[in-house]
Amino acid sequence: METSINKKTSLDRKFDKLREREETGKPRKGIQNRALSKMLSNKLAVIGLVFVSIVIVASIIAPLICKYDPQKVNLRMILKPPSSEHILGTDKVGRDVYARIIYGGRISILVGLGSAIGAALIGVSIGAYTGYRGGWIDSLILRISEIVMAFPQIILVLLLVAILGQSLMNLMVIFTLTGWGGLFRMTRAQMLSLREEEYVQALQAFGLSSFRISFKHVLPNALGPIMVNITLSTAMFILQEAGLSFLGLGVPLNIPTWGNILNVAIDLRILEDFWWVWMPVAGMISLFVLGINFIGDGLRDSTDPSLQG
Amino acid sequence: MTAYFLRRLLLLAPTLLVISFLIYLGLELTPGDAVSYMIPIEAMRDMTPEALNKMREALGLNDPFLIRYFRWLTNVLQGDFGYSFASGVAIKDLVLDRLPATLELSLFALLLSTIIGTFFGTISALKRGSAIDNSFTFFGMLGVSIPEFIFGLLAIVFFSLQLKWFPVGGRLMPGYETFWDHLPHLILPASVLSLIMTAGVMRYTRSSMLDSMNREFIKTARSKGIPEWRVNFLHGFRVALIPVIVLIGFRLPMLIGGTVIIEQVFQWPGVGEQFVLAVRGRNYPLIMMIAFLSVNAVLIASFLIDLLTALLDPRVKLE
Amino acid sequence: MSLDKILSVRNLKTYFYTNNQCTKAVNGVSFDVKKGKTLCIVGESGCGKSVTAYSIMQLLPKLSRIEEGEIIYHSTNGDIRIDQLSRNGKKMRSLRGEDIAMIFQDPMTALNPVYSIGFQIGENLKYHTRLSNEEIKSKSIELLREMDIPIPDQRVLEFPHQFSGGMRQRAMIAMAMACSPKILIADEPTTALDVTIQAQIFELMNKLKQDHETAIILITHDMGVVTELADDVVVMYMGNIVESGSIEEVLRSPAHPYTKALLNSIPVLGRGKNQEIKPIRGSTPDPLNRPKGCQFMPRCDFSDDKCLTVPLAVELSETHTTRCWYSDKILQDE
């Protein structure tokens, strides 16, 4: 007869504790609201939220925390390492790196968040309406979104930049035009499934217009995933802007953005010897986007009904 | 079987047609036409408007829009992609010259990301909640948050400049032409390019595996007394793989787009770098054609992925 | 047929630890399974009957374990303590499939959709026998034929989604019976099927019992199924056995209020349309908020304060046992 050695694994010990608690009748404790407790217990999401908020606030109060004008050229202080004068040193033409990062944040965050919200507004409204209506307009717009999404996004963006020219406004418009597809698809899918629900048919029988039905009654259900999508899109657009500006094809070089600042790093000399010109910015972008991703994940975990329990 | 695939291929045609039309529209609306590249600017200034117009007539540039479109389309289908503004060289030649480099880069990155992503995603799922799982998930997060070009820069600083393990950029030196000579140059850019894809694949494989291992047929498999590795891989992973392949198909455009930036960072002489140069120089014919070709690449690749999915999943009805 | 025991379960306790809580799914269960006989474990959803079956096969989910008790398999080479074997260890794996096999409720989800039926049956044979690939293939076809699946040599290459519901279940049974196990555990095998198909499956299982002397443990919530197939019955409620005995004893003279209530709650063919069907009043208690004492007390018409202490087992005959203070009252009340 073969028996196994009865080892107590750590899992077993956890079980023993739970069993003991059950048998001595201890009650459950903790925060009652499920979504809130899930959110808070997700430490990463909280850390992300804190960090992102700090950066946003810093970029808003930029004049208060920066001594120098980010655009001010000072040819006597070229490529100086960090010092008490310039916390993060100076760049190729003597501008204060720290100030450029803080001010640059303004534009980068503006582009990211603005485009994400713009894409969301367009994507959700079109998706809700055509998904509900159906018919030829639905097929047409679906086709259009398929075509837009068949292009690798960066290629489409660069193509439009080449045609429309480079400017801050143009970039945001281009991002919005190329980015509405995802939310459109999602909202439309939601619509299609909810359309068949009985309460919608009841509303129809009461004579409510399709517009009202799709917006007032069905959208609130989709709010959770939409918020998650906006959060993650912001991260995506910030990364895209950084990449484009790094190539010199995003926001024009005279306006500081995180990507612009990195434009100099193409030069191997700067890369190797003058780390303060590019590494802090690189770190800033990465941590900011990481923070947003944490928040987005946290939001997703707490609002996704299928993940509960 | 073949009928199914032919039918799928046929479905692609309308989309490609519409896209080709839009591309041609773009070509029409942007400044410059065939005459612009044929005659240098200085010479054009000396020509009278009538002479220029005569040239245009002769080239058929004054014909109605649709006729020009169809002429252009037939040319494209035969491989004539027009000429570059900058150099006057046939676009076909320009692109073909650079295509192998980009293909090398993207295929290698695709391979890397698929293998590494599925491998680590599976291990993450099987050891769910452990330190390994958590650290993989965290690295995955880093992978999608840090811009790829920054990864590229860091990789260059660290591996090429400090450690001197790999050459700094470019693809090859004159005289060294085989694939094996490319390899040291290829590893860094391909790895960096694959990073975002790997993070996504890893994460998706993990959730797909968790899903798959929760299904009833896993219990059935265990009830037969077969070894655990077989349960995990032949049953669990095999079924989890199908949605992952679909995801990879969705993410292919990202891979192709990624070459644009990576080729810049590593000075890799591919189509992506060519595209950036074209955009900088407002070289519209080249811009349009490369964009068009990239879409074709995406659609063909998606089609191949569909094929693969049908092969892997017997439930896909071949209707 | 000998009345030898092939499996003995003694005071089995299996607890679940999901959601950071300890749930006592099975809380002290004992019964015997006899060679070549069908034992039905019957009860409502959540009473612990499936968990008992999974405990025997050691197929429990990660967040659960067998706390106490013994599961003894009386093999030809002596007694084996299943509860002491490691879950996916070599010994347990050699038992599974070869000595004890299991079939599940929904054959569509219980079979792997990407492999052919032949492959899945073949896996069982591959790891428990020394047959060659050729022999495995022909044995698989034989098994399908034995289960009355037409054109088995074609079917063996097909995939689960190409079978009809009843045929899928037969295929699953073929897979389970591939190595002629001594015990077949069937977890609600017909719940997902039409009533007419149900009858066919039951016929098939009886045939297997006769041809292979397989003991069958049949898990069900349907008393109708019990009356059809059982030789012996075990009635479970909230993790405990409330009554057990041979089918005649339990059917003719139920000695527990719950058994009685179950029997009264199903329509019986032949009693006419005006027969009285009494649903059991109340609902199953929350396992995290159990009543004190006898678990059935809140829903019982025969209870009083004595029932606040858990009743002891009462042996009404050599085979018939029940857990109720008032079993006499129940037996007389008809």
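Reading the values: the criteria
Residues numbered from 1 in each chain as written. Chains lettered and ligands numbered in written order. Predicted model: local features only at pLDDT ≥ 70, side-chain atom pairs only at ≥ 80, totals over all residues. Helix = DSSP H or I, 4+ residues; strand = E, 2+ residues; numbered from the N terminus. Rg over C-alpha atoms; globule rule 2.2 N^0.38 Å. Buried ≥ 20, exposed ≤ 12 C-beta atoms within 10 Å, placed from the backbone. Contact = placed C-beta atoms within 7 Å. Domains from an automatic or database assignment. Nonpolar A, V, L, I, M, F, W, Y, C, P; charged D, E, K, R; others polar. Pairing = 2+ DSSP bridges. Axes fitted to C-alpha atoms, helices over the stretch in contact; angles between N-to-C directions. Core = buried A, V, L, I, M, F, W, Y, C linked by C-beta atoms within 7 Å. Parallel < 35°, antiparallel > 145°, perpendicular 65-115°, else oblique. Left-handed = near helix turned anticlockwise from the far one by under 90°. Expected span 1.5 Å × (residues − 1). Arc of directions from axis to C-beta.

Participant: I'm lost on the overall build of chain C in this one. Help?
Facilitator: Within chain C one finds 12 helices and 12 strands. Radius of gyration (C-alpha) of chain C: 21 Å, near the 20 Å computed for a compact globule of 334 residues. Counting only C-alpha atoms, chain C reaches 65 × 50 × 45 Å along its principal axes. By the burial criterion, 47% of the 334 residues in chain C qualify as buried.

Participant: Where do I start with the overall build of chain B in this structure?
Facilitator: Tallying secondary structure elements over chain B gives 13 helices and 0 strands in all. Listing every helix and strand of chain B by position from the N terminus yields α-α-α-α-α-α-α-α-α-α-α-α-α. Expressed as lengths along the three principal axes of its C-alpha atoms, the size of chain B is roughly 85 × 55 × 35 Å. Counting across all 319 residues of chain B, residues that qualify as buried make up 38%. A separation of at least 24 residues holds for 76% of the contacts in chain B among residues at least 6 apart in sequence.

Participant: Which parts of the structure should I look at to understand unusual backbone geometry?
Facilitator: Leaving glycine out, the prevailing phi sign among residues is negative, and the prevailing peptide bond configuration is trans. Residue and element names in this part refer to chain C. Even without a glycine there, the phi angle at glutamine 58 is positive, about 55°. On the secondary structure map, glutamine 58 appears in the loop between α1 (49–57) and β4 (64–75). One non-glycine residue, methionine 238, lies in the positive phi region at around 50°. With respect to the secondary-structure elements, methionine 238 resides in the loop between β9 (232–237) and β10 (240–246). Given 23 C-beta atoms within a 10 Å radius, methionine 238 is considered buried.

Participant: How should the domain arrangement of chain C be read in this particular structure?
Facilitator: Size of an interface: often given as the accessible area lost when the parts come together. Domain boundaries in chain C define domain 1 (110–180) and domain 2 (259–332). If you average the C-alpha positions of domain 1 of chain C and of domain 2 of chain C, the two centres end up 42 Å apart.

Participant: Sorry, what's going on with the interface of chain B and chain C here?
Facilitator: Taken together, the 18 residues of chain B in the interface contact 25 residues of chain C. Those elements that place two or more of their residues in the side of chain B that touches chain C are α10 (216–223) and α11 (228–266) of chain B. Here the side of chain B that touches chain C gets 6 residues from one element, more than from any other, and that element is α10(B). Partitioning the side of chain B that touches chain C into residue classes produces 5 nonpolar, 4 polar and 9 charged.

Participant: What am I meant to see in the sheet that holds strand β6 (residues 100–103) of chain C here?
Facilitator: In a beta sheet, neighbouring strands are held together by backbone hydrogen bonds and run either parallel or antiparallel to one another. All names here are of chain C. Here we have 8 strands laid out as an open sheet, ordered β6-β7-β8-β3-β9-β10-β12-β11, and mixed in their pairing. A strand with exactly one partner marks an edge of an open sheet, and here the two such strands are β6 and β11 (314–315). By the bridge criterion, 2 bridges tie β10 to strand β12 (residues 321–322) in an arrangement that is antiparallel. Counterpart to serine 244 in the pairing with β12 is threonine 321. Running over the sheet, α1 touches β3 (38–42), β6, β7 (183–187), β8 (215–220) and β9 and is turned about 145° from β7.

Participant: Where do I start with the nonpolar core in this structure?
Facilitator: Nonpolar side chains in soluble globular proteins generally cluster together in the buried interior. Residues A:Ile155, A:Leu158, A:Leu262, B:Ile287, B:Ile290 and B:Ala291 are the most contacted members of the largest nonpolar core, which totals 133 residues. Among the elements that line this core, the one with the most residues is helix α5 (residues 97–133) of chain A, at 15 residues. For A:Leu262, the residues in contact, after removing those within four places along its chain, are A:Ala242, A:Phe246, A:Trp278, A:Val281 and A:Ala282. Core analysis: the second largest hydrophobic core is formed by 94 residues, C:Tyr15, C:Ile103, C:Ala171 and C:Met205 among them.

Participant: Any chance you could explain the packing of helix α7 (residues 153–164) of chain A against helix α8 (residues 168–179) of chain A here in plain terms?
Facilitator: Any two packed helices are characterised by the angle at which their axes cross and by the distance between the axes. All names here are of chain A. Relative orientation of the contacting elements α7 and α8 amounts to 140°, with a least axis distance of 10 Å. Between α7 and α8, the angle is such that the two are oblique. Taken as a pair, α7 and α8 cross one another with a handedness that is right-handed. For the pair formed by α7 and α8, the contact residues are Gln153, Leu156, Val157, Leu160, Val161 and Leu164 on the first element and Asn170, Ile174 and Thr178 on the second. A per-class count over the contact of α7 with α8 returns 6 nonpolar, 3 polar and no charged.

Participant: Help me understand helix α5 (residues 133–146) of chain C in this model?
Facilitator: A turn of α-helix holds 3.6 residues, and therefore any two residues three or four places apart point the same way. Residues and elements named next belong to chain C. Here α5 spans 20 Å end to end across 14 residues, near enough to the 20 Å set by a 1.5 Å rise per residue. Within α5, burial applies to Ile136, Ser140, Ile141, Leu143 and Leu144. Looking straight down α5, one finds its buried side chains confined to an arc of 160°; they lie on one side. Set apart from the buried face of α5 by more than 90 degrees, the exposed residues are Glu134 and Glu135. On its buried side, α5 packs onto α4 (117–128), α6 (152–155) and α7 (165–177).

Participant: So what exactly am I meant to see when it comes to the pairing of strand β5 (residues 78–81) of chain C here?
Facilitator: Remark: a regular strand shows side chains that alternate across the two faces of the sheet. All names here are of chain C. Where β4 meets β5, 4 bridges bridge the pair, whose relative direction is antiparallel. Its bridge partner lying in β5, isoleucine 72 is registered against arginine 81. Hairpin connection from β4 to β5: 2 residues lie between these consecutive antiparallel strands.

Participant: How should I be thinking about helix α5 (residues 65–77) of chain B in this particular structure?
Facilitator: Residue and element names in this part refer to chain B. Over its 13 residues, α5 extends 18 Å from the first C-alpha to the last, a length consistent with the 18 Å expected when each residue adds 1.5 Å. In terms of burial, α5 is a largely surface element, 0 of the 13 residues being buried. One or two steps after α5, the chain reaches glycine 79, where phi turns positive at roughly 100°.

Participant: Mind showing me how you'd approach the interface of chain A and chain B here?
Facilitator: With 28 residues of chain A in contact, the opposing surface of chain B contributes 34 residues. Those elements that place two or more of their residues in the side of chain A that touches chain B are α6 (135–150), α7, α11 (210–246), α13 (268–273) and α14 (275–303) of chain A. Class assignment of the residues belonging to the side of chain A that touches chain B gives a composition of 22 nonpolar, 4 polar and 2 charged.

Participant: What is the right way to look at the sheet that holds strand β2 (residues 23–34) of chain C in this model?
Facilitator: All names here are of chain C. Ordered in space as β2-β1-β4-β5, the 4 strands form an open sheet in which the pairing is antiparallel. If you trace the sheet from one side to the other, it starts and ends with β2 and β5, each paired once. The sheet shows a mean angle of 5° between the axes of neighbouring strands, direction not considered. Against the sheet, α1 contacts β1 (5–16), β2 and β4, and its axis sits at roughly 70° relative to β2.

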